[in-house]
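Inside the fold
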Amino acid sequence: MEAPAARHSQADGLAGAGAGNGTELIVNSPGQMGELGRRLAKLLRAGDLVMLSGELGAGKTTLARGLGDGLGVRGAVTSPTFVIARVHPSLGDGPPLVHVDAYRLGGGLDEMEDLDLDVSLPDSVVVVEWGEGKVEELTEDRLVVRIHRAVGDTTDEVRHVTLTGLGERWAAVALGVLSA
């Protein structure tokens, strides 16, 4: 399958978070979004927090499904909208995937404390859809993935994906390899 096309690879800043290590890709289909997730999974390890943002239908869950495939976890990775969080144990010796959908949660880490993400994080890869403004307090080291798509009455499958690694953990990770 063809790799996503890189638009550029440079440092990317986030409001209030300081500069980070980033890359921007163009993804042309759901299949490529899944493939991006599988490739990204190779860069992840236990303790990583991945925050996914984008419009409804942008491909956040498709990317999370690819991450699950790449991490080799048990169970189908589907949208956890109504259960808020699902844990997918590893089928091998890798970390489990904790997949969270924070869409229905009001805001702040206080409301998310019942999920015990701070307990899960050191031993798992935690992926949070709709997590901006809600889970940043978990760790300074996180990967922020923003997926932009055309909105309105369109069948356009093209997605612009911006990945920004923040903190010491991500400073030396070559995110540009995802476009290779």
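Report on the accompanying structure.

**Observations regarding the overall build of the protein**
Broken down by element type, the protein carries 5 helices and 8 strands. When the helices and strands of the protein are listed from N to C terminus, the series reads β-β-α-β-α-β-β-α-α-β-β-β-α. Taking all contacts inside the protein whose residues are at least 6 apart in sequence as the whole, residues at least 24 apart take part in 63%. Accessible area of the protein: about 8500 Å², with a carbon and sulfur share of 49%.

**A word on the nonpolar core**
Counting 28 residues, the largest nonpolar core has Leu36, Val127, Leu143, Val145, Val161 and Leu163 as its most contacted members. For this core, the elements supplying multiple residues, two or more each, are strand 2 (18–27), helix 1 (30–41), strand 3 (49–54), helix 2 (60–71), strand 6 (125–129), strand 7 (142–149) and strand 8 (159–166). With sequence-adjacent residues up to four places away left out, Val127 is seen in contact with Val50, Leu52, Ala64, Leu67, Leu97, Val98, His99 and Val100. Core analysis: the next-biggest nonpolar cluster, separate from the first, contains 11 residues, Met51, Ala102, Val126 and Val128 among them.

**Let's talk about the pairing of strand 6**
Across the 5 residues of strand 6, 5 count as buried, placing the element largely inside the fold. Neither face of strand 6 is left uncovered, since the one carrying Val125, Val127 and Glu129 and the one carrying Val126 and Val128 both have all their residues buried. Across 4 bridges, the pairing between strand 3 and strand 6 is parallel. Looking across to strand 6, one finds that Met51 is bridged to Val128. Sheet topology places strand 5 (residues 97–101) next to strand 6; 5 bridges connect them, and they run parallel. Counterpart to Val100 in the pairing with strand 6 is Val128.

**As for the layout of surface pockets**
As a volume, the largest pocket reaches approximately 160 Å³. Lining of the largest pocket is provided by 13 residues; of these, Leu56, Gly57, Lys60, Thr61 and Glu129 occupy positions nearest its centre.

**Focus: the packing of helix 1 against helix 2**
Packing of helix 1 against helix 2 leaves a shortest axis separation of 7 Å and a crossing angle of 45 degrees. One element, helix 1, and the other, helix 2, form an angle in the oblique class. Our pair here, helix 1 against helix 2, has a crossing hand that is right-handed. Judged by residue contacts, Pro30, Met33, Gly34, Leu36, Gly37, Arg38, Leu40 and Ala41 of helix 1 engage Thr62, Leu63, Gly66, Leu67, Asp69, Gly70 and Leu71 from helix 2. Here the residues of the contact of helix 1 with helix 2 sort into 8 nonpolar, 5 polar and 2 charged.

**Comments concerning helix 1**
Compared with an ideal rise of 1.5 Å per residue, which puts 12 residues at 16 Å, helix 1 spans 17 Å between its outermost C-alpha atoms and is within 8% of the ideal. Among all positions of helix 1, only Gln32, Met33, Gly34, Glu35, Leu36, Gly37, Leu40 and Ala41 are buried.

**So, the environment of Glu132**
Mapped onto the fold, Glu132 is located in the loop between strand 6 and strand 7. The exposure class of Glu132 is partly exposed, given its relative accessible area of 35%. In sequence terms Glu132 and Met51 are 81 residues apart; their C-alpha atoms lie 7.1 Å from each other. Here Glu132 is in contact with Met51, Ser53, Val144 and Arg146, once residues within four sequence places are set aside. Here Ser53 takes part through its side chain, which lies 2.9 Å from a polar atom of the side chain of Glu132. In terms of polar contacts, Glu132 uses its side chain to reach the side chain of Arg146, at 3.2 Å.

Rules of the game
As a convention, each chain's residues are numbered from 1 in the sequence order in which they are written. Only residues with pLDDT of 70 or above have their local features reported here, since the model is predicted, and side-chain atom pairs are shown and tallied only from 80 upward, although totals for entire chains, interfaces and linings are computed over all residues. Hydrogens and water are ignored here; the side-chain numbers use all heavy atoms of the structure. Strands are runs of DSSP state E lasting at least 2 residues, helices are runs of H or I lasting at least 4, and numbering of each runs from the N terminus. Whether two residues are in contact is decided by their heavy atoms: any pair within 4.5 Å suffices. Every accessible area reported is derived by Shrake-Rupley at a probe size of 1.4 Å, with residue values counting cover from the shown protein chains alone. Throughout this description, the term nonpolar core refers to a set of buried Ala, Val, Leu, Ile, Met, Phe, Trp, Tyr and Cys residues connected via side-chain atoms within 4.5 Å. Under the scheme applied here, a residue whose accessible area is under 20% of the maximum for its type counts as buried, over 50% as exposed, and between as partly exposed, the area being computed with a 1.4 Å probe on protein chains only. Strands are labelled as partners when DSSP assigns at least two bridges between them. A pocket here means an open set of points on a 1 Å grid, computed over the protein atoms alone, that has protein on both sides within 12 Å along at least five of seven lines. A cavity is instead a set of points where a 1.4 Å probe fits but cannot get out; residues with an atom within 4 Å of a point line either one. Grid points are joined across faces, edges and corners, and a volume is the space filled by probe spheres set on the points. Only the stretch in contact is used when a helix axis is fitted, and all axes are lines through C-alpha atoms; the angle between N-to-C directions ranges over 0 to 180 degrees. Small angles under 35 degrees read as roughly parallel and large ones over 145 as roughly antiparallel, with 65 to 115 read as roughly perpendicular and the rest as oblique. The handedness criterion is simple: a crossing whose near helix is rotated anticlockwise from the far helix by less than a right angle is left-handed, and one whose near helix is rotated clockwise is right-handed. Residue type decides the class: Asp, Glu, Lys and Arg count as charged, Ala, Val, Leu, Ile, Met, Phe, Trp, Tyr, Cys and Pro as nonpolar, and the leftover types, Gly among them, as polar. An expected span of 1.5 Å times one less than the residue number is assigned to each helix. Pairs of N or O atoms within 3.5 Å make up the polar contacts considered here, provided that, within protein, one atom can donate a hydrogen while the other can accept it, and that residues adjacent in sequence are counted only when both atoms are side-chain atoms.

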